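Residues per chain, in single letters:
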Amino acid sequence: MKTIIEPFRIKVVEPITMTTSEQREQRLREANFNLFKLKARDVLIDLLTDSGTGAMSSDQWAGVMRGDESYAGAESFFRFQDVLRRITGIENVLPTHQGRASERILFELVCTPGCIIPNNNHFDTTRANVEHSGGQAVDLVIPEGRIAKSRHPFKGNMDVARLEALFESVGADRIPLVMVTITNNSGGGQPVSLENLRAVRAVCDKFHTPLFLDACRFAENAYFIKLREPGQSHRNAAEIAREVFSLADGATISAKKDGLVNIGGVLLMRDPALARRASNLLIMTEGFVSYGGVAGRDLEAMAQGFEEVLNEDYLQYRIRSADYLAGKLMSAGIAIVEPLGGHAIYVDATAFCPHIPPEHFPGQALAVGLYRHAGIRTCEIGSVMFGAGGHHVDMELVRFALPRRVYTQSHIDYVAEASGELFEKRSSLRGLRIVEEPTTLRHFSAAFEEIQ
Ligand code: F0G
């Protein structure tokens, strides 16, 4: 059957608000054309992020009621620990409030001034935490991963030869660990193959260096391995995920993605000595080891979410629905990053608005245009986000991130139709200039004005 159906039915509904085009025009001006400054109630379909925006299942809500809120040794912690040990095979499991808290603890422990942390592509918070701890974050994704049109099936792979060359040139002493992000969010949500992870592991072994995963979207990555990697189609996502984790010495996870929860994170480590140091830091800054800054009910929701996310009906629906939207956008003539990643569609804003030069932010113009036209909120990933101080940006993209289990096929049809209509009148899109910006992470708060 070609029809995708959502593998769930709906028990609770949350109204979304229709706005008139006059209202949206006014809201845009009040927000200085920065979509982070809109009130969520003024957004009809919110594709800003897939992080913490998913819908929980009835079993997760049942877990919320079961949550054991004891300060120490809560039952909910043991359930959480059991599930993560079973999925990953990694013994030491620490809860945190979200991914960046796990990153902060890890890098504070391993980084020394002048150290280097290689990754396929660091996500912004990973990079910021490495740098905050005195290290240098280096991106070593394969060359295909930087080209929107390249159709390599695993564009998130790390360039193993460059990794080895880095070890040779700076010495293993300066590289406390290697990280690989699955899937590679900053590079278009692209997966990493088992073969590549094995090769990265071999380099790490050669230089006696630990390998850590940034495993926020490990289930989507495992499903891509099943779909795209030769010899993997007979295995289930859980088995593949288990093998992926078996190659690593630890992982940081934001449970707001494949944990299917609204808040929560995990820090995993095999080394008991490192785990003891991490526990001490966790107690000092996040909370006791059996709750790590979240409530017992959150641990229950995470435990259940991590189990549900490996369900193959769910994963098939998840990847097929992104594919469905991508197919509709492409048949309307809109260029996207191909092949498709897991959690989002990345539209090529340069191709969408060739009349707007990078310095006038084509991605921001498109994102503003989509909100103005149809109340849809997306996110610029281009010169606004990464181009501060004249920094060169490879691609001007707009991310349509898909919250998990939230929108139905008709919502997605609406997004596709609205995008197609906007594409038809793309010459009316206007570039913007920044009139006020903060010193860091300007995309969250910069003020823009449209160029007439
Ligand atoms: N690593 C990756 C690959 C991520 O995508 C994110 C978050 C994090 C780490 C940090 O996790 O938000 O729980 O602290 N990505 C979100 C996004 C914010 O919109 O892509 P966090």
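As the structure is a computational prediction, the values presented were derived from the model and not from experiment.

Peer 1: Which residues make up the sheet that holds strand S9 (residues 344-348), and what values go with them?
Peer 2: Two modes of strand pairing occur in sheets, parallel and antiparallel, and in both the strands are linked by backbone hydrogen bonds. One open sheet accounts for three strands, arranged S9-S12-S11; its pairing is antiparallel. Strands at the two margins of the open sheet, each flanked by one partner only, are S9 and strand S11 (379-381). Averaged over all pairs of adjacent strands, the angle between strand axes in this sheet comes to 35°, irrespective of strand direction. One ladder, built from three bridges, connects S11 with strand S12 (residues 397-401); its direction is antiparallel. In the sheet register, Glu-380 faces S12, and the bridge partner there is Val-398. The sheet contacts of helix H12 (residues 312-331) involve S9 and S12, and relative to S9 the element is tilted by about 20°.

Peer 1: Hey, could you go over helix H3 (residues 75-88) for me, with residue numbers and the actual values?
Peer 2: One full turn of an α-helix is made of 3.6 residues, so residues set three or four places apart face in the same direction. In this model H3 runs 20 Å from its N-terminal to its C-terminal C-alpha over 14 residues, within 8% of the 20 Å that 1.5 Å per residue would give. Turning to H3, its buried residues are Ser-76, Phe-77, Phe-80, Gln-81, Val-83, Leu-84, Ile-87 and Thr-88. All buried residues of H3 project into a common sector of 165° when viewed along the axis, lining one side.

Peer 1: Now, about the packing of aromatic side chains: what can you tell me, with residues and values included?
Peer 2: The final tally for this structure, using the stated rule, is twelve aromatic pairs. The interplanar angle of 65° and the centroid separation of 5.5 Å between the aromatic rings of Phe-77 and Phe-78 together place this pair among those described as edge-to-face. Here a set of aromatic residues connected by ring pairs shows up, and it is made of Phe-8, Tyr-314 and Tyr-317. Over the face of the ring belonging to Phe-423 we find Arg-426, whose NZ or CZ atom lies 3.9 Å from the ring centre.

Peer 1: With reference to specific residues and values, describe the pairing of strand S6 (residues 211-214).
Peer 2: A regular strand places its side chains on the two faces of the sheet in alternate fashion. Residue alternation in S6 divides its side chains into two sets, Leu-211 and Leu-213 and Phe-212 and Asp-214, and both sets are buried. In this structure, strand S5 (residues 178-181) lies alongside S6, joined through four bridges in parallel fashion. In the strand pairing of S6, Val-180 is matched with Leu-213. A crossover links S5 with its parallel partner S6, the connecting element being helix H7 (residues 194-206), and its sense is right-handed. Pairing of S6 with strand S7 (residues 250-254) involves three bridges; the strand directions are parallel. Bridge pairing in S7 links Leu-213 to Ala-251.

Peer 1: Please set out the environment of Ala-322 residue by residue, giving values where relevant.
Peer 2: Within the fold, Ala-322 resides in helix H12. For Ala-322, the contacting residues outside a window of four places in its chain are Leu-340, Gly-342, Ile-345 and Leu-402.

Peer 1: Account for the sheet that holds S7, naming residues and giving values.
Peer 2: In space, the five strands of this open sheet follow the order S2-S8-S7-S6-S5, with mixed pairing throughout. Only two strands of the sheet have a single neighbouring strand rather than two, namely strand S2 (92-96) and S5. Across the sheet, the mean angle separating the axes of adjacent strands is 15° when strand polarity is ignored. In this sheet, strand S8 (residues 265-269) lies alongside S2 in antiparallel orientation, the contact comprising five bridges. Looking at S8, one finds that Leu-94 is bridged to Leu-267.

Peer 1: Please provide a residue-by-residue account of the environment of Thr-112, values included.
Peer 2: With respect to the secondary-structure elements, Thr-112 resides in the loop between helix H4 (99-110) and strand S3 (116-119). Along the backbone, Thr-112 and Lys-257 are 145 residues apart, and their C-alpha atoms lie at a distance of 30 Å. Not counting the four nearest positions on each side in its chain, Thr-112 is found in contact with Ser-133 and Gly-134.

Peer 1: Would you mind going over the nonpolar core in detail, with residue names and values included?
Peer 2: If you look at the biggest cluster of nonpolar residues, it comprises 65 residues, and the most contacted ones within it are Leu-213, Phe-218 and Phe-306. Sorting elements by how many residues they give to this core places helix H8 (residues 218-228) first, with six residues. Residue assignment places this core across two domains, with domain 1 (21-50 + 311-450) and domain 2 (58-308) each supplying three or more. Leaving out residues up to four positions away in the same chain, Phe-306 has contacts with Val-83, Leu-84, Ile-87, Phe-218, Ile-253, Ala-255, Asp-258, Gly-259 and Val-266. Listed in part, the 47 residues of the second largest apolar core include Phe-33, Ile-334, Tyr-371 and Ala-446.

Peer 1: Quick rundown of the side chain of Glu-308? Include the residues and the values.
Peer 2: Residue placement: Glu-308 occurs in helix H11 (residues 296-308). On the basis of relative accessible area, Glu-308 is assigned to the buried category, the value being 16%. One polar contact links Glu-308 to Gln-304, side chain to side chain, over a distance of 2.8 Å. The contact partners of Glu-308, leaving out residues within four places of it in the chain, are Ser-57, Asp-59, Gln-60, Leu-260, Tyr-314 and Arg-405.

Peer 1: Kindly report on the environment of Val-200, identifying the contributing residues and their values.
Peer 2: Among the secondary structure elements, Val-200 is positioned in helix H7. Overall, the relative accessible area of 0% leaves Val-200 in the buried class. Once the C-alpha coordinates of Val-200 and Ser-279 are considered, the two residues, 79 residues apart in sequence, prove to be 28 Å apart. Leaving out residues up to four positions away in the same chain, Val-200 has contacts with Met-158, Val-160, Leu-163, Val-178, Val-180 and Leu-211.

What counts and how
- Residues numbered from 1 in each chain as written.
- Predicted model: local features only at pLDDT ≥ 70, side-chain atom pairs only at ≥ 80, totals over all residues.
- Heavy atoms only, no water.
- Pairing = 2+ DSSP bridges.
- Helix = DSSP H or I, 4+ residues; strand = E, 2+ residues; numbered from the N terminus.
- Axes fitted to C-alpha atoms, helices over the stretch in contact; angles between N-to-C directions.
- Contact = heavy atoms within 4.5 Å.
- Expected span 1.5 Å × (residues − 1).
- Buried < 20%, exposed > 50% of the residue type's maximum accessible area, 1.4 Å probe, protein only.
- Arc of directions from axis to C-beta.
- Phe/Tyr/Trp six-rings, centres within 6.5 Å; stacked < 30°, edge-to-face > 60°.
- Lys NZ or Arg CZ within 6 Å of the ring centre and 35° of its normal.
- Right-handed = clockwise from strand over helix to strand, strands pointing away.
- Core = buried A, V, L, I, M, F, W, Y, C linked by side-chain atoms within 4.5 Å.
- Domains from an automatic or database assignment.
- Polar contact = N/O pair within 3.5 Å; in protein donor to acceptor, adjacent residues only side chain to side chain.

In short, the description is geometric, and any link to function would need to be established separately.
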